[in-house]
Amino acid sequence: MSSTSIDDLLRSEEERPARPERVRGGRARRVVKFLAVTAAVTVVVVAVLRAVGLTVSLEVVVAGVLAVQAVHRVTTALAPPPRRAAVRLRSGEEPGTWNWGASDALRTAVNRWATPLDWSTGRPDRFIDLVQPRLGELADERLRQRHGLTRDSDPVRARALLGERLWIFLETPPRRTPSPRDLAVIVADLENI
């Protein structure tokens, strides 16, 4: 016998209870709060500085506190929204709509490669710093899993297993960013390890 109630079966995700709206004060309330926080932090900083034996102008301390608060406000305003947990349906049926904004593992994995590849287009230095080490790690991991070695532990055998083209690519920095066709050949070589 299942412990699922009839209410659980009939409730949908769309029926979540509405959150009560927070009552926000006016502009004057925010200004008073801002000034109170500034004054409190200034008093604490001045007290700590005096306890340590340092004397700093009050204007400098107030300016520093205001600068820190301004940076905090800007970074808070520009922060990305918090990630929501993916909602899984308990039944095997799909709702018929697709949440394009949700992130899934495949999209995350693709973006981990797409972004550095996009950044390195036409910039060999970025390719050398971002993409080539990742490809080397992939090659080492494939060698470790399939043959029990890495490029560092047994370079002679690793070179034979990787092939000359892939070995040269991984060991020497390219003068230009490889084209998508060249990268496809490199990935195919990695898959054949």
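Since we're looking at a predicted model, the values are computed, not measured. (Residues numbered from 1 in each chain as written. Predicted model: local features only at pLDDT ≥ 70, side-chain atom pairs only at ≥ 80, totals over all residues. Heavy atoms only, no water.)

With respect to helix α7 (residues 164–171)
- Inspection of α7 places Leu166, Trp167, Phe169 and Leu170 among the buried residues, and these make up the whole buried set. Take α7 and look down its axis: the buried residues cluster within an arc of 165 degrees, on one side only.
- Those residues of α7 hidden inside the fold are in contact with α5 (124–147), α6 (155–162) and α8 (180–191). (Buried < 20%, exposed > 50% of the residue type's maximum accessible area, 1.4 Å probe, protein only. Helix = DSSP H or I, 4+ residues; strand = E, 2+ residues; numbered from the N terminus. Arc of directions from axis to C-beta. Contact = heavy atoms within 4.5 Å.)

Quick word on the nonpolar core
- Counting residues in each nonpolar core, the largest one holds 16 residues, and the members touching the most others are Leu135, Leu162, Leu166, Leu170 and Ile193.
- Of all the secondary-structure elements, those providing two or more residues to this core are α5, α6, α7 and α8.
- With five residues, α5 is the largest single contributor of residues to this core. (Core = buried A, V, L, I, M, F, W, Y, C linked by side-chain atoms within 4.5 Å.)

Structural notes on the environment of Pro133
- Inspection of the secondary structure assignment puts Pro133 in helix α5.
- For the pair formed by Pro133 and Glu171, sequence separation is 38 residues and the distance between their alpha carbons is 9.8 Å.
- Pro133 has contacts with Phe127 and Ile128, leaving out every residue within four places of it along the chain.

With respect to the side chain of Arg151
- Mapped onto the elements, Arg151 comes out in the loop between α5 and α6.
- Exposure remark for Arg151: the relative accessible area of 14% places this residue in the buried category.
- At 3.0 Å, the side chain of Arg151 forms a polar contact with the side chain of Asp140.
- Within the structure, the side chain of Arg151 is placed 3.0 Å from the side chain of Glu171, a separation counted as a polar contact.
- In contact with Arg151, other than residues within four places in its own chain, are Gly136, Asp140, Leu143, Ala158, Leu162, Trp167, Leu170 and Glu171. (Polar contact = N/O pair within 3.5 Å; in protein donor to acceptor, adjacent residues only side chain to side chain.)

Some words on the environment of Asp125
- Assignment of secondary structure puts Asp125 in helix α5.
- Placed 50 residues apart in sequence, Asp125 and Arg175 show a C-alpha to C-alpha distance of 8.7 Å.

As for the packing of α5 against α8
- Where α5 contacts α8, the axes come no closer than 10 Å and their chain directions differ by 20 degrees. Compared by their axis directions, α5 and α8 come out roughly parallel. Here the hand of the crossing between α5 and α8 comes out left-handed. Contacts from Phe127, Leu135, Ala139, Arg142 and Arg146 of α5 reach α8 at Leu183, Leu190 and Glu191. (Axes fitted to C-alpha atoms, helices over the stretch in contact; angles between N-to-C directions. Parallel < 35°, antiparallel > 145°, perpendicular 65-115°, else oblique. Left-handed = near helix turned anticlockwise from the far one by under 90°.)

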